[in-house]
Each structure stands twice: as C-alpha cells, then as structure tokens.
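Here's the letter readout for the chains.
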Amino acid sequence: MELLVASAVGALTAGGVYLMLRLRAFAVILGLALLSYAVNIFLFSTGRLAVAKPPVLDGYTVSDFGAYTDPLPQALVLTAIVISFGMTAVLVMFALGAYLEAGDDKIDMDGPDQPDRQIAATTPQGSESDGITFGFEPRERDA
Amino acid sequence: MFSENGLLPIIAILPFLGALVPGLMIRAGRNACASFTAIPTVLALVLLASLAPGVMSGTVYRAEITWLPQLQLSASFFLDGLGLLFAFMILGVGLLITLYARFYLSSKDPMGQFYTYLLLFQGAMLGIVLSDNILLLLIFWELTSLSSFLLIGYWKHLPEGRQGARMALTVTGAGGLAMIGGMLILGEIVGSYQLTDILAAGDQIKASAWYAPAVILILLGAFTKSAQFPFHFWLPHAMAAPTPVSAYLHSATMVKAGVFLMARMWPALAGTELWFYVVASVGLVTMVLGAVIALFKDDLKALLAFSTVSHLGLLTMLLGFGTPEAAIAAVFHIINHLTFKAALFMTAGIVDHETGTRDIKRLGGLAKVMPITAAIGTVAALSMAGFPLFNGFLSKEAMLHEASHTTWWENPWIVGALATLGALFSVAYSLRFIFHVFAGPVRDDYPAKPHDPGFGMWAAPAFLCVFVIAIGVAPFLATPVVKMAAEAVTGEDLSFYLKIWHGVNTALLMSVAAIIGGVILLVAHRPLERLWATMPRPEAKTIFDSLITTTQQVMRWLTGMLHQGAISRYLAIFVAATVVLGLIAFSGGAMGPATRDLTPVPPVAFVGWMLLMAAVAMVVLFHRMRFRALVVIGVIGLMISVGFVYLSAPDLALTQISVETVTILLLLLALHFLPKQSPHESGPARRAGDATLAVMAGVAVAALAYSFMMRDFSTISDYYLANSKSGGGGTNVVNVILVDFRGYDTYGEIIVLGIAGLCIFALMEALLNGPAGRKLRKAEFGPDRSRDRHPLMMVVATRVMLPIALMVGVYIFLRGHNQPGGGFVAGLIFSIALLMQYMASGFAWTTRRQRIEYHSLIGFGVVIAGLTGVGSWLAGRPFLTSNFGYFEIPPIEEFELATAMLFDLGVFLCVLGAVMLILYSLSRLARHAGETVNNEPIDYDPSRSVQASSSTGKGA
C-alpha cells in the first residue's frame with residue numbers, strides 16, 4: 001500500500017509540475033490542483049498508513065493509542081483542502097481577469113516587468129472593438 | 001509613588017503626543033495652532049527644568065519600560081549632563097523656532113502640517129539624547145532622518161526642495177543603516193544594549209577584534225548625519241527647506257546629532273589611534289573645506305550652510321583629539337555655535353522675507369533700512385568670526401589652543417596651521433556676511449521694499465544674541481553647564497573655569513593672524529572670486545546624481561535579467577532548485593533501516609490506484625482539451641476521497657469530496673469564459689525538458705514519501721487522543737483538534753478563506769467596471785449553446801433535494817464533534833445544495849430568494865468564532881479555551897453542548913459565505929455578458945436561436 005501511495009504522490013507531483021510549467025493559465029490551474037492533491041496526500045501520509053483505525057474514540061478514556069491512526073495530520077490536511085480551494089478560486093479569478101483584459105490567457109509576459117510600459121500597453125490593447133466569443137470553437141482542432 | 005525617574009518617558013513622549021494637535025488646531029487659526037505647538041515643548045521644558053538641579057549635582061536619572069527583556073528590547077531612558085544640555089537646546093530652540101515660524105510662514109503654507117512635522121522631529125531628536133537602549137536610539141535616529149525628509153521637502157512645489165529632501169534622506173539614511181550594523185556589533189561585544197553598560201565597558205570594546213569595524217560603521221552614521229567630508233554635500237542642498245527648518249535642523253539639532261553621538265560614545269570609543277586619525281582628520285578637512293567654500297557662496301543660506309559644515313568639522317576634530325580638554329572645548333563650542341548660528345539663520349530668513357532675495361550680490365546697505373536686523377546679524381556674525389567679547393571667540397581660542405599642540409603623524413604644526421587657515425576663512429565669510437549685506441549704500445533695486453519685521457519675528461534671534469554677548473563677556477556664567485556636560489562626555493571629574501584672557505599665547509597669536517588674514521581675504525574678495533570661478537572643482541550633486549543613476553541602471557538591468565516576465569521560467573528554476581536542495585540534504589544525512597512492514601494491498605485499492613494513475617496521465621496528455629481535462633480531474637479527486645475512506649480518514653474523505661464538487665463547479669464556470677482549448681505553444685525540446693524536471697520532482701517526492709512511510713516516528717498526537725473526550729468533550733479527535741486544541745489555527749484559516757472570498761468579489765467588481773466589463777457586454781456567445789438552459793427535470797430534482805441536502809448538512813454539523821463531520825464539511829454541503837439551485841433554476845431566480853448577503857455570512861462567521869474565543873477570557877482562560885457540559889431536555893435523550901460547537905458554527909458560516917461568494921462572483925460574469933434573466937424557473941425557449949433578441953429581459 002505504501003508503494004501505491006508514494007507512487008501516487010509522485011505521479012501527482014510530476015503531473016502537477018509539468019502542467020504548472022505550461023504557458024496557459026488554465027493548465028497552470030490544473031497543475032496546481034494536482035500539486036495540492038499531492039501535497040495533501042503527502043502530509044496525510046506523514047501520519048503513516050492505517051486501515052480501519054479512524055481517530056474516532058469509542059470510549060471515554062483511551063488506553064490503546066495504537067488502536068487509532070494519527071489524527072494530527074488529518075486535521076492539518078482538512079483545513080489545507082479547504083484553503084487550497086480558496087487559493088484555486090483566487091487563481092481562477094486572476095486567470096479570468098487577465099483573459100478578459102488582455103485577450104489571451106498566456107502567463108508569460110513578452111518582456112521584463114516594467115510598470116510604465118505595462119500601463120501603456122494594456123490600455124490600447126484592450127480595444128473594445130475586437131469582440132470575444134464564448135463557447136466552443138469549431139471542432140476541427142479537437143482531435 | 002511619584003518618582004523623578006518616571007518623568008523621562010513622559011518628556012520623551014510629549015512631542016509625539018503634541019504632534020497630533022497642530023493639524024487639528026489649525027482650524028482655530030494660526031495663532032492657536034502655534035500656541036498649541038508650544039504647549040508640549042513648554043511642558044517638556046518645565047519637566048526637564050525640574051530635573052536639572054539633580055543632574056547638575058551629579059545624579060543620573062534612569063527609567064526603563066521593559067518590553068521583550070529576552071531580546072534586550074526595552075524603552076529605557078537616562079538623563080545625564082550631556083543629555084540635559086542637548087535636551088535643553090532641542091526644546092529651547094524648538095520653542096524659539098515655533099515662534100519664528102508663526103511669522104515666517106505665509107498664509108498659503110499649510111501651517112498645521114509644518115508644526116506636526118516639527119514636533120515629530122523634536123520628539124525624535126529628544127529621543128536620541130534621552131535613550132539608554134541603543135536599539136531605541138537607532139529608532140529615534142532613523143525617525144530624525146524621516147521627519148527631516150518631511151521638513152526639507154515641506155515646500156512640495158519646489159523641485160529643489162524635493163531633490164534636497166531625497167538627497168538628505170539617502171545620505172543620512174544610508175549612514176543610519178551603517179550605524180545599525182556598528183551598534184549591533186557594539187552590543188554584541190559588550191553583551192548588553194544598554195548605553196550605560198556600553199559606556200562603562202570602554203576598555204573591553206577597544207580590546208576587541210571587532211572594535212575597528214564597529215567604530216567605522218558608527219562613524220559612518222555620525223559623519224553622514226553631521227555632514228562631514230565627503231558626505232557634507234547634502235546639507236547645502238537641504239537649504240531648500242523653509243528657513244525655520246534650516247535654523248532648527250541644520251544649525252542647532254539634527255546635524256549635531258552626529259556630534260552628540262560621537263560625544264556620547266566618547267568614553268567607549270575615543271582615545272585610540274584609529275579614532276584620532278579618522279575623526280580628527282575628517283573633522284579638520286571638513287572644517288577647512290567648508291570654510292573655503294562658504295566664502296564663495298552668494299546665497300546667504302548656502303554661505304551659512306557651508307559655515308555650519310565647517311563648524312561641525314571643528315567639533316568633530318575636537319572630539320577626535322580624544323583629550324578631556326578638547327572635549328571641554330567641543331561642548332563649549334556646541335553651545336556657542338547653537339546660539340550664533342540659529343540667530344544667523346533666522347536673520348537670513350528675515351532678510352529673505354523682507355527683501356525677497358538671498359543673493360548677497362543683490363543686497364547691501366540694509367543697515368540703514370533694517371537696523372534691528374542688522375544689529376542682530378552683526379552680533380551673531382562677529383561671534384561666528386571669533387571676535388573677542390563674543391562667545392564664538394572663547395571656544396575658537398580653546399580650539400586653536402588644542403590644535404596648536406596636537407601632533408599629527410609626527411608633524412607638530414600641521415594641525416595648528418590648518419586650523420588657523422580654517423579660522424581665517426571663517427573670519428572672511430563672517431565679515432562678508434556683515435559687510436556685503438548690511439554695510440554700504442542703500443540700493444534701490446531690492447526685489448521688495450525692505451524694512452524691519454515685527455517683534456515676533458526678530459524676538460527669537462535677538463534672544464539668542466543675548467546669550468552670545470552674555471557668555472562672551474562673562475564666560476563664567478557658562479562654566480557650570482559646560483562642566484556638567486563635559487564631565488558626562490568624558491566620565492571624569494574635570495576642574496576648569498572659562499575666561500576671556502589667557503595671556504599672550506600661541507592660540508591668541510593664531511587668532512590674530514586669522515582675523516588679519518580674514519580681513520585681507522575680504523578686501524581681495526572680487527579677484528579671488530574670479531579665480532575661484534575658473535578653478536575646476538567637483539560638483540557633489542552631479543557626482544551624487546550620476547551615482548544614483550548608475551545604481552538605478554545596474555539594478556534595472558539586473559531586475560530585467562532575473563525578472564523578465566516569464567513565470568514559467570521562475571517556476572522551473574524554483575522546482576529545480578528545490579529538487580537540488582532536497583538532494584543535497586538527502587545525501588548529507590544518514591537514514592536508518594526501514595522499520596515498518598508494507599501494508600497489504602487489496603485488489604480494490606489496486607484498481608483505485610490504477611484509475612488514479614490513468615487519470616493523472618490523461619489530465620497531462622489532454623490538458624489542451626480543457627473540458628475533458630476537467631472531467632478527468634474529477635476522477636482523481638474521487639479516487640483520493642475513496643483512498644481517505646480506506647486509510648481511516650473519514651473526515652478528510654468528506655471534505656475532499658465536497659471540495660471536489662465545488663472546485664469542479666468553479667472551474668466549469670470559469671471555463672465558460674476562457675478559451676476551451678490551449679494552442680500548441682512549446683516545442684518538443686521544451687516539453688521534454690519540462691517533463692524531465694517534472695519526473696525528477698515526482699520521483700524525489702515519491703522516494704521521500706516512501707522512505708518515511710516505511711519508518712516509525714514519534715508523534716504528539718497521543719496527547720490529543722488521550723484528552724479529546726475528557727478535555728475537549730468530543731470523540732472525533734480530528735474535529736476536536738480543529739475546533740479546540742488548535743482552534744487558533746482554524747480561526748486564522750477561516751479568516752484567510754473569508755479574505756479569499758472578499759478578494760474575489762472585489763476583483764470581480766473591478767473587472768466588471770473596467771474595460772473588460774465593456775468588452776463582456778459586447779461579447780457574443782457561440783452558436784452551440786443549449787436552448788434548454790434550465791431543464792425541467794433538474795429544476796424539480798434540485799428543489800426536492802434542497803431540504804434533504806440542508807438536513808444532511810445540519811446532521812453533519814451536529815454530529816461533527818463526535819463523528820466524522822463538522823463545520824467545514826457542513827458549510828461545503830450547504831454550499832453545494834444552494835449552488836444546485838443556481839445551476840438549475842438560474843441566477844436571478846435564486847438571487848431573488850436569497851435573504852442574507854454572503855459577505856455578512858463571512859463576517860458573522862468570523863465574529864462568532866472570535867467571540868467564542870473571547871468568551872473564554874471572561875472565564876479567566878486563554879483565548880479559545882473550550883468548555884462543555886451535558887444537558888437533558890425531555891423527551892430528547894441527554895446531549896452535550898460545547899462552546900467548541902459555537903466555534904464550529906463560526907467555521908461553518910465562514911466557509912459557507914466564502915464559497916458562495918466566490919461562485920456567486922464568478923456567475924455575475926454571465927449576467928454581465930448579457931445572459932438573459934429568467935423570471936420563471938423553467939425558460940425553455942425554442943425560438944431563441946431564431947430570434948435571440950426578443951427573449952431578452954423576459955423568459956418564455
């Protein structure tokens with residue numbers, strides 16, 4: 001089982017990193033989603049794997065600590081899952097904003113980050129004449 | 001009990017408190033504003049005066065307010081002779097400046113602002129001279145730099161003012177940074193950051209190997225502040241400030257801070273060869289250079305500025321000599337310089353104010369039209385020149401006396417000769433100030449019609465002139481003060497008395513030579529000036545500017561190289577660096593053998609693993625087809641949830657599956673507005689490189705996870721298991737940890753989530769109101785949209801399910817403390833239930849039925865959780881200590897209520913509010929893009945594709 005979990009973490013990490021290095025915002029979001037799965041399982045596995053030992057007590061006092069799995073990583077991961085949702089949401093918002101303002105969802109800029117030039121560049125580029133179309137594009141590229 | 005020591009922090013804080021007032025009082029008029037500025041100064045002066053007798057008799061007052069004693073951080077103050085002298089000078093001149101500025105500032109200048117800055121500065125200066133902790137001193141030191149920046153740049157409309165302020169801040173700020181380093185070294189050598197301890201440990205410091213770096217760094221701070229060569233150039237440029245500022249900062253106080261520091265540190269640092277050669281030489285060079293330049297400046301204030309540079313050099317040199325006699329002379333000259341230089345600056349201000357110019361070439365003959373001003377200016381300038389019967393003479397004699405028998409590098413006469421030269425030029429520019437401004441015939445081409453100002457304006461300089469003459473004629477008056485301060489500087493008992501006539505000695509002859517030479521220089525001023533004009537000399541401002549520009553260019557180039565806009569590159573570097581660091585750490589440590597056995601793999605788990613791996617591969621391979629990738633990523637989330645169930649983590653499984661649902665919904669919503677496909681952009685080489693990096697990272701993480709899973713570990717969790725029921729009142733340990741043991745963490749986390757929600761809401765607002773919003777309104781939707789936007793089956797199903805889903809949410813919430821569940825999961829389940837309504841019945845229909853704003857849900861959640869935590873304060877416990885009890889209300893069986901439940905309610909509300917706000921914000925995009933509003937839940941419109949516009953506004 002440990003091998004399976006470790007390989008799953010590895011695969012999720014590898015996939016996440018690969019997607020994170022793509023050039024489009026959506027791929028990066030997918031990559032980060034994979035990466036947060038990987039991190040969550042990784043953290044969870046620091047409590048070691050245990051089957052059928054949920055940390056829900058069945059008596060008032062605990063005599064056998066071995067009867068339960070480690071609850072602490074679980075508590076940490078639980079909040080991490082929720083927070084990663086918040087993070088994904090903010091990223092999605094950035095991606096949307098960037099796409100709607102700039103007309104594409106590339107994540108790399110063409111040149112160095114220079115504020116004065118940036119302002120000059122975005123305003124005319126966001127010319128309102130070129131309308132955008134939402135929805136699926138013609139299917140020929142789908143294959 | 002009332003103690004005199006307790007007055008020190010009050011004195012130190014008074015100006016800062018006072019700084020709050022002028023900004024308000026300016027509404028009551030300019031006189032009220034000035035008066036209220038004077039109040040804290042007067043109060044502080046009175047308090048200080050009450051301590052003066054004690055200090056004069058040798059008491060050192062101390063006060064300490066400890067803050068972090070472990071780090072030696074405390075607000076500690078002390079008052080000895082030197083501190084008292086400076087504090088009196090700061091407050092006294094501050095009061096005079098307040099009066100003078102009232103009449104100097106024109107009605108257009110924002111006076112409230114000026115006085116606020118002035119009091120801030122005064123507080124910072126006072127802090128420097130009263131601090132006992134050197135870290136506190138450093139803070140006040142930086143505060144003087146900042147507040148002087150505000151004062152120099154007070155006339156924001158003048159470019160010279162802004163440039164001068166920036167330059168002053170750059171130079172003094174950089175010096176301050178160096179000084180922080182020096183002070184920290186000093187503190188580490190002594191093992192204490194208390195100034196009194198450091199002063200007592202002089203021998204230990206001088207013997208330390210770190211003495212030289214400490215001295216150099218501290219001197220850098222002092223030299224920049226006190227405008228010593230080669231950092232002297234900022235001071236003349238700071239003269240763009242209003243004259244009251246120049247008089248206060250640039251003659252009396254701020255530039256003296258460096259001198260003060262050298263005097264303060266005298267017992268700890270002075271007396272070594274290094275100290276002598278650095279401090280005395282720099283002082284000597286500065287003194288001569290400043291005096292020479294001052295003679296050739298036509299701007300009155302520039303002349304005074306370079307004269308100040310020269311006199312500060314004189315003081316530095318005296319302190320550099322390292323002998324008690326030189327220290328006495330330095331202290332005496334500090335007092336004298338303060339009186340005549342502040343008076344001269346104010347005179348220059350009056351001349352400028354009345355004639356409309358500060359250019360000496362356009363002045364002359366003012367003695368006849370402005371007799372009072374001329375008298376004041378003449379007295380002060382004669383003192384600056386060092387003529388007998390004025391106080392400047394006495395300290396200059398003392399200086400020449402010390403200089404005449406100082407040997408520099410085995411040369412017995414060079415210091416004396418150069419000091420005489422400096423004095424000679426000093427006489428020349430002082431006389432020029434008198435003769436070229438006040439003497440001569442009255443001119444008829446002054447820019448304004450000059451006459452003496454009102455009493456308010458000349459009162460302050462005249463008051464100072466009283467001291468100039470009084471000390472000059474009867475120096476014994478100043479003896480006790482000088483003795484008090486000089487003993488504080490040297491830490492020794494000194495016996496001396498100041499007098500005018502010491503007989504004919506070397507110093508007197510040097511003085512006479514200086515006066516004669518000065519007169520000759522003044523007579524020959526015109527030809528000398530022409531010579532000066534032809535001489536090539538470096539312009540400090542040009543050098544400074546080009547230095548700054550070069551630094552800027554280098555930094556811009558460096559930033560451009562490192563930060564060239566490609567996030568993917570930064571991320572690749574980051575991942576690669578992390579892998580490399582991990583490898584280094586891994587190869588550096590030793591790993592014990594595996595201690596755990598592999599857990600067996602049932603066939604179902606293996607199938608699940610296969611599914612997960614396949615899904616990951618598919619997401620990576622098909623990520624360009626975004627819709628498909630999204631569907632597949634759902635599979636991953638599902639498999640992970642199942643995995644959590646199998647591996648004894650029911651809470652995680654619940655959370656994961658509900659978060660999965662909302663995440664997919666969120667991404668679907670977003671994808672609606674994003675391109676549905678990614679183009680091929682990166683070539684095979686790049687993809688191969690990225691893949692290699694990704695696989696390396698993956699293998700590394702997998703190896704790490706596998707290695708530690710195979711080994712035993714020690715955990716702190718036994719404590720949680722043991723105390724969960726008895727201490728936290730719940731059997732679900734994970735939930736008890738969240739809401740009780742580590743409730744503070746959870747509190748922070750829900751706040752973060754709430755912030756994320758609000759942040760998205762705000763971003764969406766900005767987006768919709770910007771150009772993107774206009775673009776959206778013109779957007780068209782593709783032809784392949786469903787006509788049946790709100791399918792009947794779905795609407796009915798979701799409505800039937802709503803109460804059931806909500807009930808499940810309540811159930812999950814209530815059982816959370818004892819069984820898997822809790823606020824997080826319940827909040828997510830509620831969100832999903834509500835989201836289904838949005839999806840099925842439409843945005844407008846659902847929003848119309850929404851009673852509570854999601855923002856307020858977040859707010860309520862945080863407040864409830866916070867109040868629960870505060871509640872435990874009432875019981876005298878730390879924040880978020882939970883309590884619980886068992887209750888019985890027939891016919892329900894006995895149940896338990898815990899305050900943790902209330903906290904969980906806060907978590908629940910916050911999660912619900914944040915999730916809903918996020919998705920609600922995103923769905924507003926659709927409304928903005930012109931999506932039609934349905935009045936009825938079901939709006940199947942077969943005619944839509946034919947006649948799209950007719951359905952706008954009303955559903956079918």
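Residues numbered from 1 in each chain as written. Chains lettered and ligands numbered in written order. Predicted model: local features only at pLDDT ≥ 70, side-chain atom pairs only at ≥ 80, totals over all residues. Heavy atoms only, no water.

Considerations on the overall build of chain B
Summing up its helical and strand segments, chain B has 40 helices and five strands in all. Over its C-alpha atoms chain B spans a radius of gyration of 39 Å, topping by over 25% the 30 Å that the globule rule assigns to 956 residues. Taken along its principal axes, the extent of the C-alpha atoms in chain B is 115 × 70 × 70 Å. Out of the 956 residues in chain B, the part that is buried amounts to 56%. With an accessible surface of roughly 40,000 Å², chain B has 70% of that area assigned to carbon and sulfur atoms. For chain B, the distance from the average site of its 58 positive side-chain charges to the average site of its 53 negative ones is 12 Å. (Helix = DSSP H or I, 4+ residues; strand = E, 2+ residues; numbered from the N terminus. Rg over C-alpha atoms; globule rule 2.2 N^0.38 Å. Buried < 20%, exposed > 50% of the residue type's maximum accessible area, 1.4 Å probe, protein only. Areas by Shrake-Rupley, 256 points an atom, 1.4 Å probe, with all protein chains shown as cover. Lys, Arg positive; Asp, Glu negative; His and termini not counted. Charge placed at Lys NZ, Arg CZ, Asp CG, Glu CD.)

Re the overall build of chain A
Along the backbone of chain A there are four helices and one strand. Traced from its N-terminal end to its C-terminal end, chain A shows the element sequence α-α-α-α-β. Going through the 143 residues of chain A one by one, you find that 58% of them count as buried. The contacts in chain A between residues at least 6 apart in sequence include a share of 54% that link residues at least 24 apart. Accessible area for chain A stands at about 5,900 Å²; split by element, carbon and sulfur atoms hold 61% of it. (Contact = heavy atoms within 4.5 Å.)

Some words on the interface of chain B and chain A
One widely used convention gives an interface's size as the accessible area the parts lose upon coming together. Chain B puts 128 residues into the contact, and the matching count from chain A is 102 residues. Around 10,700 Å² of area is buried between chain B and chain A when both sides are counted, 74% of it from carbon and sulfur atoms. Counting across the chain B and chain A interface gives one salt bridge. On the surface where chain B and chain A come into contact, there are 18 residue pairs in polar contact (both at pLDDT 80 or more). With 16 residues, helix α31 (residues 684–709) of chain B is the largest single contributor of residues to the side of chain B that touches chain A. Considered class by class, the residues forming the side of chain B that touches chain A number 79 nonpolar, 26 polar and 23 charged. (Buried area = accessible area lost by both parts, 1.4 Å probe. Salt bridge = Lys/Arg side-chain N within 4 Å of Asp/Glu carboxyl O. Polar contact = N/O pair within 3.5 Å; in protein donor to acceptor, adjacent residues only side chain to side chain. Nonpolar A, V, L, I, M, F, W, Y, C, P; charged D, E, K, R; others polar.)

Here's the deal with the pairing of strand β1 (residues 61–68) of chain B
Residues and elements named next belong to chain B. As defined by bridge partners, β1 adjoins strand β2 (residues 73–79) across seven bridges and the pair is classed as antiparallel. Along β2, the bridge assignment pairs A63 with F77. Hairpin connection from β1 to β2: four residues lie between these consecutive antiparallel strands, with Q72 at a positive phi of about 55°. (Pairing = 2+ DSSP bridges.)

With respect to the packing of helix α4 (residues 81–104) of chain B against helix α22 (residues 455–473) of chain B
Residue and element names in this part refer to chain B. For the pair α4 and α22, the least separation of the axes is 7 Å and the interaxial angle reads 150°. Classified by the interaxial angle, the pair formed by α4 and α22 is roughly antiparallel. Crossing hand, α4 versus α22: left-handed. Where α4 abuts α22, its residues L96, L99, Y100, F103 and Y104 lie against G456, M457, A459, A460, F463 and L464. For the contact of α4 with α22, the per-class residue count stands at ten nonpolar, one polar and no charged. (Axes fitted to C-alpha atoms, helices over the stretch in contact; angles between N-to-C directions. Parallel < 35°, antiparallel > 145°, perpendicular 65-115°, else oblique. Left-handed = near helix turned anticlockwise from the far one by under 90°.)

Focus: the pattern of salt bridges
In the structure shown here, the tally under the stated rule is 15 salt bridges over all chains. R22 of chain A is the partner of D690 of chain B in a salt bridge, and the nearest nitrogen-oxygen pair spans 2.2 Å. Here D690 of chain B is found in helix α31, whereas its partner R22 of chain A is found in the loop between α1 (2–20) and α2 (25–45) on a different chain. R22 of chain A matches D690 of chain B in its accessibility class, with the two residues each being buried. A cluster of three or more residues bridged by salt bridges with shared partners is formed by D298, K361, R432 and E529 of chain B.

Quick look at the environment of D105 of chain A
Tracing the sequence through the fold places D105 of chain A in the loop between α3 (71–102) and α4 (115–125). Accessibility expressed as a relative area gives 1% for D105 of chain A, which makes it buried.

Some thoughts on the packing of aromatic side chains
Residues and elements named next belong to chain B. A complete count under the given rule lists 25 aromatic pairs over all chains for this structure. An angle of 20° between the planes, with centres 5.8 Å apart, marks the rings of Y100 and Y104 as stacked. Here Y104 and Y100 lie together in helix α4, a separation of four residues that amounts to about one turn. The same class applies to Y100 as to Y104, namely buried. Measuring from ring centre to ring centre gives 5.0 Å for F276 and Y277, while their planes differ by 75°; the resulting arrangement is edge-to-face. (Phe/Tyr/Trp six-rings, centres within 6.5 Å; stacked < 30°, edge-to-face > 60°.)

Considerations on α22 of chain B
Residues and elements named next belong to chain B. Under the 1.5 Å per step criterion, the end-to-end length of α22 is 26 Å for 19 residues, consistent within 8% with the ideal 27 Å. G456, M457, W458, A459, A460, P461, A462, L464, C465, V468, I471 and G472 are the residues of α22 that are buried. In this structure, the buried residues of α22 make contact with α4, α17 (324–355), α19 (371–385) and α20 (391–404). (Expected span 1.5 Å × (residues − 1).)

A word on helix α13 (residues 254–264) of chain B
α13 of chain B sits mainly inside the fold: eleven of its eleven residues count as buried. For α13 of chain B, the set of buried residues is M254, V255, K256, A257, G258, V259, F260, L261, M262, A263 and R264 of chain B.

Quick word on empty space enclosed by the protein
All told, the structure shown has seven cavities of 30 Å³ or more when counted by the stated rule. Reported here for the largest cavity is a volume of approximately 150 Å³. S36, Y37 and S84 of chain A together with E660 and T663 of chain B are the residues nearest the centre of the largest cavity, which is lined by 14 residues in total. Looking at the lining of the largest cavity, the elements that each hand over two or more residues are α2 and α3 of chain A together with α30 (650–671) of chain B. Ranked by residues supplied to the lining of the largest cavity, first place goes to α30 of chain B with five residues. Here the residues of the lining of the largest cavity sort into seven nonpolar, six polar and one charged. (1 Å grid on protein atoms, 1.4 Å probe; cavity = no way out; pocket = protein on both sides within 12 Å on 5 of 7 lines; lining within 4 Å. Points joined across faces, edges and corners; volume = space filled by probe spheres on them.)

Re a nonpolar patch on the surface
Residue and element names in this part refer to chain B. A contiguous nonpolar patch, built from V554, M555, W557, L558, M561 and L562 and spanning about 630 Å² of accessible area, is present on the exposed surface. The topology assignment puts V554 in helix α26 (residues 540–562). A relative accessible area of 42% means that V554 is categorised as partly exposed. (Patch = residues over 30% accessible without salt bridge, like charges linked within 9 Å, V, L, I, M, F, W, Y side chains within 5 Å.)

Digging into the confidence of the model for chain A
Detail in the predicted coordinates should be disregarded across regions flagged by low pLDDT. Residues and elements named next belong to chain A. Averaged over chain A, the pLDDT score is 78; the fraction of residues at 70 or greater is 73%. Between the elements of chain A, mean pLDDT differs from a low of 44, seen in α4, to a high of 94, seen in α1. Taken as a whole, residues 115–130 scores under 50 in pLDDT and shows twelve contacts with residues more than four places along the chain or in a different chain. Taken together, the stretch residues 136–143 has pLDDT below 50 and engages in twelve contacts with residues farther than four places along the chain or on a different chain. (pLDDT = per-residue confidence, 0-100.)

As for the environment of E487 of chain B
Residues and elements named next belong to chain B. Its place among the elements puts E487 in helix α23 (residues 479–490). A sequence separation of 429 residues divides E487 from G58, and the C-alpha atoms of the two residues are 9.5 Å apart. Ignoring sequence-local partners within four residues, the contact set of E487 consists of E492, D493 and L494. Here K483 takes part through its side chain, which lies 2.8 Å from a polar atom of the side chain of E487.

Some thoughts on a positive patch on the surface
All names here are of chain B. Residues R799, R848, R849, R851 and R927 make up a contiguous surface patch of positive charge. If you trace the backbone, R849 turns up in the loop between α38 (843–848) and α39 (854–874). Owing to a relative accessible area of 44%, R849 belongs among the partly exposed residues under this scheme.

Observations regarding the side chain of D132 of chain B
Residue and element names in this part refer to chain B. Checked against the element boundaries, D132 lands in the loop between α5 (111–130) and α6 (134–152). Here T196 takes part through its backbone nitrogen, which lies 3.1 Å from a polar atom of the side chain of D132. In contact with D132, other than residues within four places in its own chain, are R62, S76, F77, F78, Y193, Q194, L195 and T196.

Section: the nonpolar core
Among the nonpolar cores identified, the biggest contains 209 residues, and M183, W234 and L269 of chain B are the most heavily contacted of them. Sorting elements by how many residues they give to this core places α17 of chain B first, with 19 residues. Those residues within four positions of L269 of chain B in sequence are excluded, and the remaining contacts are L186, I205, K206, Y211, V215, I218 and W275 of chain B. One finds L78 of chain A together with V739, Y838 and V911 of chain B within the second-largest nonpolar core, a separate group that totals 136 residues. (Core = buried A, V, L, I, M, F, W, Y, C linked by side-chain atoms within 4.5 Å.)

Details of the packing of helix α15 (residues 273–295) of chain B against helix α16 (residues 300–321) of chain B
Two quantities define a packed helix pair, namely the angle between the helix axes and the distance between the axes. Residue and element names in this part refer to chain B. At their nearest, the axes of α15 and α16 sit 7 Å apart, and the two run at 160° to each other. In terms of orientation, α15 lies roughly antiparallel with respect to α16. Between α15 and α16 the crossing geometry is left-handed. Contacts between α15 and α16 pair W275, F276, V279, A280, G283, L284, T286, M287, G290, A291, I293 and A294 from the former with L303, F306, S307, V309, S310, G313, L314, T316, M317, L319, G320 and F321 from the latter. Its residues assigned to classes, the contact of α15 with α16 shows 16 nonpolar, eight polar and no charged.

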